[in-house]
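# Reading the structure
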Amino acid sequence: LYKLIRTLKYANIRRGFMKMQLSAHNGKPLPQGTSILSNGINFSVFSRNATDITLDIFEKETDSTPYFSYKFDKTYNRTGDIWHVFIEGLKPGALYLYRVDGPFDPERGHRFNKNCYLIDPYAKALTNKSIFKNLPENYVPAKDKMDIELGTLMDAANFPKCVVIDDDDFDWEGDKPLNFPLRKSVLYETHVKGFTASSTSEVSKPGTYAGLIEKIPYLKELGVTSIELMPLQEFDENENTNINPKNAQPLKNYWGYSTIAFFAPKAGYAYDKTPGGAVREFKEMV
């Protein structure tokens, strides 16, 4: 009866019809991130000091609000410091974010805000949006708990959303690591975007993983055996608050040394802009 009540409670209805049949179950704490099972997705996230966690599921990357939300039950959806839930009926490719409540105590490192969406630290892909570029012009960080309580839920339309990735949905065609001897290696360090961004690179998909693929024959012709890529995990190019003194335009974080999702290849470097497309294109490059 308890499971039935929870299923009915969290199966949201939108635009007058059932979006999809989803039901929440206890889930498992490991592995962290998302795990794909035959009949749904398991979600797991760590937080020692959270008092409440909500999982939000979105239909499209531009949606401002979720179509399905589940507030974790502290008794059934928490093991130690790990919060977990299994959402039956959910498929790979699903888009999700978290909202987390807890203490606001900056001196102890706590800045919980239930009105902010958060990405999963274990996310394997994000949609191609900017956290910083889309902050409201009048955005001011909360100074105390009263600021948080009086705040409103942020609009998720332009916020990057996590993508559930199926690791098995790619044919490696028998590829194995080459294990080329280091003493015979010629390493070439480059920047995924910068390597082919110029029209002089003469590639059809400049500034992308796909563009780098087009240049592999050129690199081999040079005698290069291995490529060392500068940061390509997800980061936000718009986090730089400095202004170009020549044109008054905001400067970019070009090099990427400020990772926000260590397991996700940067979506902005992919020619395929569909959610999760960066993962497929990155694997093709490898």
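Residues numbered from 1 in each chain as written. Predicted model: local features only at pLDDT ≥ 70, side-chain atom pairs only at ≥ 80, totals over all residues. Heavy atoms only, no water.

### A look at the confidence of the model for the protein chain
Looking at the protein chain as a whole, its pLDDT mean stands at 92, while 93% of the residues score no less than 70. Low pLDDT, under 50, characterises residues 7–18; the predicted model gives this stretch 19 contacts beyond four residues in sequence or across chains. (pLDDT = per-residue confidence, 0-100. Contact = heavy atoms within 4.5 Å.)

### Points about the pattern of salt bridges
As enumerated under the stated definition, the model contains 13 salt bridges in all. Put simply, Asp52 and Lys71 hold a salt bridge, and the shortest N to O gap is 3.9 Å. Pair noted here: Asp52 is in strand 6 (residues 52–58) and Lys71 is in strand 7 (residues 68–71), with a separation of 19 residues, a long-range link. Lys71 gets classed as partly exposed once you look at its relative accessible area, which sits at 43%. Salt bridges sharing partners connect three or more residues here, namely Asp101, Lys114, Lys145 and Glu149. (Salt bridge = Lys/Arg side-chain N within 4 Å of Asp/Glu carboxyl O. Helix = DSSP H or I, 4+ residues; strand = E, 2+ residues; numbered from the N terminus. Buried < 20%, exposed > 50% of the residue type's maximum accessible area, 1.4 Å probe, protein only.)

### Quick word on the pairing of strand 5 (residues 40–46)
Of all the 7 residues making up strand 5, 6 are buried; the element is thus mostly covered by neighbouring parts of the structure. Taking the residues that link successive antiparallel strands as the turn, the strand 4 (residues 33–37)-strand 5 hairpin has 2 residues. Here strand 5 runs beside strand 9 (residues 82–88); their pairing, made up of 7 bridges, is antiparallel. By the bridge assignment for strand 9, Phe43 is matched with Val85. (Pairing = 2+ DSSP bridges.)

### Quick notes on the nonpolar core
Counting 39 residues, the largest nonpolar core has Phe43, Leu55, Ile87, Leu90, Tyr96 and Tyr98 as its most contacted members. Those elements that place two or more of their residues in this core are strand 5, strand 6, strand 7, strand 9, strand 10 (95–101), strand 13 (162–163) and strand 17 (259–265). Looking at this core element by element, the count peaks at 5 residues for strand 10. Contact partners of Leu55, with chain neighbours within four places excluded, come to Phe43, Phe68, Ser69, Tyr70, Phe72, Val85, Ile87, Tyr96, Leu97 and Tyr98. Counting 13 residues, the second-largest nonpolar core is a separate cluster that includes Leu219, Phe235, Ala267 and Met285. (Core = buried A, V, L, I, M, F, W, Y, C linked by side-chain atoms within 4.5 Å.)

### Details of a negative patch on the surface
On the surface, a cluster of negative charge is contributed by Asp171, Glu173, Asp175 and Glu284. Under the relative-accessibility criterion, Asp171 is labelled exposed at 57%. (Patch = residues over 30% accessible without salt bridge, like charges linked within 9 Å, V, L, I, M, F, W, Y side chains within 5 Å. Areas by Shrake-Rupley, 256 points an atom, 1.4 Å probe, with all protein chains shown as cover. Lys, Arg positive; Asp, Glu negative; His and termini not counted. Charge placed at Lys NZ, Arg CZ, Asp CG, Glu CD.)

### Some points on the sheet that holds strand 13
Pairing is antiparallel in the open sheet, where 4 strands are placed in the order 7-6-10-13. Each having just a single partner strand, strand 7 and strand 13 make up the two edges of the open sheet. As paired elements, strand 6 and strand 7 share 4 bridges and run antiparallel to each other. Within strand 7, the position partnered with Thr54 by the bridge is Lys71.

### Digging into the packing of aromatic side chains
By the definition in use, this model includes 13 aromatic pairs. Taken together, a centroid distance of 6.4 Å and an interplanar angle of 75° make the contact between Phe72 and Trp83 edge-to-face. Here Phe72 is found in the loop between strand 7 and strand 8 (78–79), whereas its partner Trp83 is found in strand 9, with 11 residues between them in sequence. Accessibility assignment for this pair places Phe72 and Trp83 in one class, buried. By the ring-pair criterion, three or more aromatic residues cluster together here, those being Phe43, Tyr70, Phe72, Trp83, Tyr96 and Tyr98. Just above the ring of Phe235 sits the side chain of Lys266; from NZ or CZ to the centre is 4.4 Å. Of note, Lys266 hangs over the ring of Tyr269, and the distance from its end group to the ring centre comes to 6.0 Å. (Phe/Tyr/Trp six-rings, centres within 6.5 Å; stacked < 30°, edge-to-face > 60°. Lys NZ or Arg CZ within 6 Å of the ring centre and 35° of its normal.)

### Structural notes on the pairing of strand 6
With 7 of its 7 residues buried, strand 6 lies for the most part within the structure. Here strand 6 shows a buried face lined by Asp52, Thr54, Asp56 and Phe58 and a second buried face lined by Ile53, Leu55 and Ile57. Pairing between strand 6 and strand 10: 7 bridges, direction antiparallel. By the bridge assignment for strand 10, Phe58 is matched with Leu95.

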